[in-house]
Amino acid sequence: MRTFHAGFEPGHPPVRVCLGAGVRAGIGAEVVALGLSRALVLTTPQQAAQGEAVCAQLGALAHGLFSRAAMHTPVEITEAAVEAARGADCIVAIGGGSTIGLGKAIALRTDLPQIVLPTTYAGSEATPVLGQTANGVKETLRSPKVQPEVILYDPELVATLPVGLTVTSGLNAMAHAVEALYARDANPLSDQLALGGLRAFREGLPRVVADPGNLAARESTQFGSWLCGTVLGAVGMALHHKLCHTLGGSFDLPHAETHAVLLPHSAAYNAGAAARELAPVAELFGGSVGGGLYDFAAALGAPLALRDLGLAKADLDRAADLAVKNPYWNPRPVERGAIRALLQRAWEGARPQ
Ligand code: NAD
């Protein structure tokens, strides 16, 4: 156990969280409990039908539906959404990190309270962090204004997530927990959040893949998602998140898939420098840290190679250059040669030792 003579601040915001099949039926009651009555519902174009269902359920409490949420929260879309939010007194976001990001971006500008129904495992609903893009440049900020007030985890909503995205999104969440274990500002509570999140996915994700409609298993993975998202908001991330932001931002690689491919490799990179912190990961997944995570991902049918996500071999040098620029704090020094070798292995899909 980590000692804490010097004390620490858990830093978790006051959030109301419900989890269980059918909790979305309480959405209207949540709006009313906040003393509000005109909810703007947000979705991506792909999930507009789910947004319409939420509007129907809200009835007179619905202000309208804005179904143009997009990856990386482009500022132009946020501006249109702020316009659509005129006259609304709260936001209801139903979707993954892209839709939740739009809700946060509106809240940053308007201070409207947010109720979130997550449909992936990315964990954005549990953080005071917003990433948004203006003129092709993504900036990340942290503000209590963007932290959603209410989260409703309904396994029936995540059950529609295709199996491929279920696996990569779950690995995306697990990556928050792995990096939280060796975070510079890790504390006894963040350790427990991270370990609980990893255990929930270790136990739940194979059951979900075997039977995507298994609501009990979905519930377990959503519990993991909440723990992993909460710890993402509580402590700093390191090399793995820097690599994912580099490949997503500069090479347009897909978010969850990139996390899924890189996690075993970034964990293996840090396995020696953070041996004590990562020992529970080796224990949970069997064998070495990187090898165990790789085998877990492979058994679930996750993508294993960056080349399969569309990264060209010729881009690896530039990716390594960018990844070592302004590095995040990391337990092992971030050296260009070693990072280039890591990226080569991840590009090929080789199993880390
Ligand atoms: P996403 O929200 O972009 O969703 C991917 C696609 O899947 C979309 O088309 C979406 O409509 C669809 N989808 C989502 N749930 C579905 C469901 N249950 N059934 C059918 N289709 C569904 O993906 P994501 O991985 O959740 O989010 C990625 C974004 O979130 C990135 O921009 C990332 O930077 C951001 N993010 C932010 C934080 C934070 O704390 N600020 C944390 C994690 C992720």
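As a reminder, the structure under discussion sits directly above these lines.
Here we summarise the structure given alongside this text. Every chain is numbered independently, its residues counted from 1 as its sequence is written. In keeping with the predicted nature of the model, local features appear solely for residues at pLDDT of at least 70, side-chain atom pairs appear and are counted solely at 80 or more, and the whole-chain, interface and lining totals rest on all residues. Values shown for side chains rest on all heavy atoms present in the structure; no hydrogens or waters enter the calculation.

Another aspect to go through is the pattern of salt bridges. Salt bridges are defined by distance alone: a side-chain nitrogen of Lys or Arg within 4 Å of a carboxyl oxygen of Asp or Glu. For the coordinates displayed, the defined rule picks out 11 salt bridges. Across the pair Arg86 and Glu83 runs a salt bridge, and its minimum N-O distance is 3.0 Å. Note that Arg340 and Asp317 form a salt bridge whose closest N and O atoms lie 2.7 Å from each other. Taken together, the positions of Arg340 in helix H14 (residues 336–348) and Asp317 in helix H13 (residues 316–324) put the pair 23 residues apart, joining distant regions of the chain. Each of Asp317, Asp321, Arg336 and Arg340 takes part in a single network of salt bridges with overlapping partners. For the purposes of this entry, the term helix denotes a DSSP run of H or I that reaches at least four residues, the term strand denotes a run of E that reaches at least two, and both are numbered from the N terminus.

On to empty space enclosed by the protein, then. Put simply, the grid is 1 Å and covers the protein atoms alone, a cavity is a trapped set of points that fit a 1.4 Å probe, a pocket is an open set with protein on both sides within 12 Å along at least five of seven lines, and lining residues have an atom within 4 Å of a point. Grid points are joined across faces, edges and corners, and a volume is the space filled by probe spheres set on the points. All chains considered together, the criterion is met by 1 cavity of 30 Å³ or more. Taken as a whole, the largest cavity spans an internal volume of roughly 30 Å³. If you go around the largest cavity, the residues you meet are Gly11, His12, Pro13, Ala126, Pro128, Thr230, Gly233 and Ala234. Of the residues that constitute the lining of the largest cavity, the class distribution is 4 nonpolar, 4 polar and no charged. Only Asp, Glu, Lys and Arg are considered charged, only Ala, Val, Leu, Ile, Met, Phe, Trp, Tyr, Cys and Pro nonpolar, and every remaining residue, Gly among them, polar.

The subject of this paragraph is the packing of aromatic side chains. Pairing of aromatic rings covers Phe, Tyr and Trp, the last counted by its six-membered ring, and requires centre-to-centre distances within 6.5 Å; plane angles under 30 degrees mean stacked, over 60 mean edge-to-face, and any other angle means tilted. Summed over the entire model, instances satisfying the criterion amount to 4 aromatic pairs. Look at Phe223 and Trp226: their rings are 6.1 Å apart centre to centre, the planes differ by 45 degrees, and that puts the pair in the tilted class. Of this pair, Phe223 and Trp226 both sit in helix H8 (residues 215–234), 3 residues apart, roughly one helical turn. Between Phe285 and Phe296, the ring centres sit 5.0 Å apart and the planes meet at 65 degrees, which makes this aromatic pair edge-to-face. Pair noted here: Phe285 is in helix H11 (residues 275–285) and Phe296 is in helix H12 (residues 289–299), with a separation of 11 residues, a long-range link. Like Phe285, the residue Phe296 is buried in the burial classification. Lying across the ring of Trp347, Arg307 places its NZ or CZ 5.2 Å from the centre. Over the ring of Tyr269 we find Arg332; its NZ or CZ atom is 3.8 Å from the centre of that ring. In this scheme, a residue with accessible area under 20% of its type's maximum is buried, one over 50% is exposed, and one in between is partly exposed, where area comes from a 1.4 Å probe on protein chains only. Counting as a charge over the ring demands two things of the Lys NZ or Arg CZ atom: a distance within 6 Å of the ring centre and an angle within 35 degrees of the ring normal.

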